[in-house]
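# Fold and contact review
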Amino acid sequence: MVLEILVLLVVGCVVPVDSIHCEGDTDLSDVQEYTQDVNDIGDLDFWRTAQNNFQTFGKFDGNPHNAVITAAYYTANNDLIFGITIDCKKGKWMSQITHNVTDKVTKHLTGDLTTPCKEGDIFDIWLKIHQPRMMSWIFNGQPLQYDTRTTYFRHGKTKIERTRPLKIWTKYGSDKGDHFTVKASGAAKFTRLSWGQCITWPRSLQENCQQARTWVESRSKMAVPEGGLGHFGSDWNTFAPQCFLGSRYYLWLQNFLHPDRNSKGFPWCCCVDMTTGEVANGDLENLCSLGSINGACSRSCMEYADKDVIEKVMKENDEMEHGLLL
């Protein structure tokens, strides 16, 4: 189909990196407690926006019947900002805050887990910070919150209405954050923690773009009927990884990667390894550039299009098309 073009493509040498534009991404060796310190979290001159993600990954290494998992965001004085508890035995979850009057840790919301903890399964906990008192917990793709509110903002002279998650009536806003701590008991073990204005997905999905994309979309603000979490999602589904021709391989140019504190609100464009989705050569400085809200990038990254992968995918698609012809 386009073999004349393929012979001109050069296969780029790639060296894996942990993640794209995260502040930190740490592999953990099946630990049951870990604390991530954060820097200048309330300084909007540094961060540009209050938004941040904390993504914790783990596994149930044995029968999780008695496993309890907690994650919490604290101030420098160890005062609770917002926390979550997952009780596998009871099949329940409960979020906690510091009461803004009594100054005591108290229940915020509670509910049932939609999917039970299972031996051998992986799990993930996501704290999405939207604003100092608008934060969201997600466990295995389940939003640990319910109900919404209506807020208003002005765009020029136009008053715009929007639906948002409930305000978190905690004494301490996310702008007072100093450290994020996760703890587990029983068969629950932590394997990784990433954080920053970025999105990551399980390493077990790393070499399958379609699975990684579906995983990200299922935790995004994509409409619920389409497989997302709607108002309770973490980020827009436009930031999900893009796959080459519907295959397990990544498109060599990712033109809508999540903005971070250095991108001035614009998405990143990066040249990536088609197999892993990681920045080619680990060279974020030279192979990532600011994109635009319409997805336009200043480079094509064609030098990182893997000729062998492209030929393989096209051959498989041609064989499938031929086999389905009536």
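Shown above is the structure to which this text applies.
The following paragraphs examine the structure supplied in this document. (Residues numbered from 1 in each chain as written. Predicted model: local features only at pLDDT ≥ 70, side-chain atom pairs only at ≥ 80, totals over all residues. Heavy atoms only, no water.)

### As for the sheet that holds strand S8 (residues 122–131)
The strand order S1-S14-S3-S8-S9-S10 describes an open sheet built from six strands, whose pairing is antiparallel. The open sheet terminates on both sides in strands that have one partner only, identified here as strand S1 (24–31) and strand S10 (142–143). Where strand S3 (residues 52–60) meets S8, eight bridges bridge the pair, whose relative direction is antiparallel. Paired with Thr 56 across the two strands is Ile 125, which belongs to S8. (Pairing = 2+ DSSP bridges. Helix = DSSP H or I, 4+ residues; strand = E, 2+ residues; numbered from the N terminus.)

### Remarks on the nonpolar core
With 39 residues, the main nonpolar core has Trp 201, Trp 215, Trp 252, Cys 270 and Ile 310 as its most contacted residues. Of all the secondary-structure elements, those providing two or more residues to this core are helix H3 (209–217), strand S15 (253–257), strand S16 (268–271) and helix H5 (307–324). Contact partners of Trp 215, with chain neighbours within four places excluded, come to Gln 55, Phe 57, Asp 124, Trp 126, Thr 200, Trp 201, Pro 202 and Leu 205. Grouped together as the second largest cluster of nonpolar side chains are 37 residues, Ala 71, Cys 88, Ile 97 and Ile 129 included. (Core = buried A, V, L, I, M, F, W, Y, C linked by side-chain atoms within 4.5 Å. Buried < 20%, exposed > 50% of the residue type's maximum accessible area, 1.4 Å probe, protein only. Contact = heavy atoms within 4.5 Å.)

### Points about the packing of aromatic side chains
Inspection of every chain in the model, using the stated rule, returns 15 aromatic pairs. Seen from their ring centres, Trp 47 and Trp 195 are 5.9 Å apart, and the 50° between their planes marks the pair as tilted. In this pair, Trp 47 is assigned in helix H2 (residues 44–47) and Trp 195 in strand S14 (residues 188–196), connecting sequence segments 148 residues apart. Accessibility expressed as a relative area gives 1% for Trp 47, which makes it buried. Considering the side-chain rings of Trp 126 and Trp 215, the 6.2 Å spacing of their centres and the 20° angle between planes classify their relative orientation as stacked. (Phe/Tyr/Trp six-rings, centres within 6.5 Å; stacked < 30°, edge-to-face > 60°.)

### Observations concerning a nonpolar patch on the surface
Taken together, Phe 266, Leu 290 and Ile 293 make up a surface patch of nonpolar side chains, about 290 Å² in accessible area. You can see Ile 293 is positioned in the loop between strand S17 (288–290) and H5. Residue class for Ile 293 comes out exposed when judged on its relative accessible area of 69%. (Patch = residues over 30% accessible without salt bridge, like charges linked within 9 Å, V, L, I, M, F, W, Y side chains within 5 Å. Areas by Shrake-Rupley, 256 points an atom, 1.4 Å probe, with all protein chains shown as cover. Salt bridge = Lys/Arg side-chain N within 4 Å of Asp/Glu carboxyl O.)

### Describing the state of the cysteines
Taken as a whole and assessed by the stated rule, the structure comprises six disulfides. Disulfide partner of Cys 270: Cys 288, at an S-S distance of 2.0 Å. The disulfide joining Cys 270 to Cys 288 has a torsion of about 115° about its S-S bond and is therefore right-handed. Residue Cys 270 is located in strand S16, and its partner Cys 288 is located in strand S17; the two are separated by 18 residues in the primary sequence. Given the relative accessible area of 0%, Cys 270 is considered buried. Assessed through its relative accessible area of 8%, Cys 288 is described here as buried. Through a disulfide, Cys 271 is tied to Cys 301; the S-S separation comes to 2.0 Å. Given an S-S torsion of about -70°, the disulfide between Cys 271 and Cys 301 has left-handed geometry. In this pair, Cys 271 sits in strand S16 while Cys 301 sits in the loop between S17 and H5, placing the two residues 30 residues apart along the sequence. (Disulfide = S-S within 2.5 Å.)

### With respect to the pairing of S16
Across the two faces of S16 the burial is the same, with Trp 268 and Cys 270 and Cys 269 and Cys 271 all buried. Pairing of S15 with S16, which is carried by three bridges, proceeds in the antiparallel orientation. Bridge assignment links Gln 254 to a residue of S16, and that residue is Cys 270.

### Some points on the sheet that holds strand S5 (residues 80–87)
Pairing between the strands of a sheet is mediated by backbone hydrogen bonds and can be parallel or antiparallel. Across the sheet, which stays open at both edges, the six strands sit in the order S2-S13-S4-S5-S6-S7 with antiparallel pairing between neighbours. The open sheet has two edge strands, strand S2 (33–37) and strand S7 (105–112), and neither has a second partner. Mean inter-strand twist for the sheet, computed between neighbouring axes without regard to direction, equals 15°. Inspection of the sheet shows strand S4 (residues 68–74) paired to strand S13 (residues 179–184) by six bridges, in the antiparallel sense. Across the sheet, the residue bridging to Tyr 73 is Phe 180, located in S13. (Axes fitted to C-alpha atoms, helices over the stretch in contact; angles between N-to-C directions.)

### Topic: the environment of Ile 138
With respect to the element layout, Ile 138 can be found in strand S9 (residues 134–139). For the pair Ile 138 and Glu 161, spaced 23 residues apart in sequence, the C-alpha to C-alpha distance is 25 Å. Apart from residues no more than four positions distant in its own chain, Ile 138 is found in contact with Asp 124, Ile 125, Trp 126, Arg 219, Leu 229, Phe 232, Gly 233 and Ser 234.

### Brief notes about the pattern of salt bridges
With the rule as written, the count across this model stands at 13 salt bridges. Residue Arg 192 is joined to Asp 25 by a salt bridge in which the shortest nitrogen-to-oxygen separation is 2.8 Å. Here the residue Arg 192 occupies a position in strand S14, and Asp 25 occupies one in strand S1, the gap between them amounting to 167 residues. A relative accessible area of 3% means that Arg 192 is categorised as buried. Residue Asp 25 pairs with Arg 203 through a salt bridge whose shortest N-O separation is 3.7 Å. One end of the pair, Asp 25, is in strand S1; the other, Arg 203, is in the loop between S14 and H3, and 178 residues separate them in sequence. When salt bridges with common partners are traced through the structure, they connect Asp 25, Asp 27, Arg 192 and Arg 203 into a single cluster.

On their own, these measurements won't tell you what the molecule is for.
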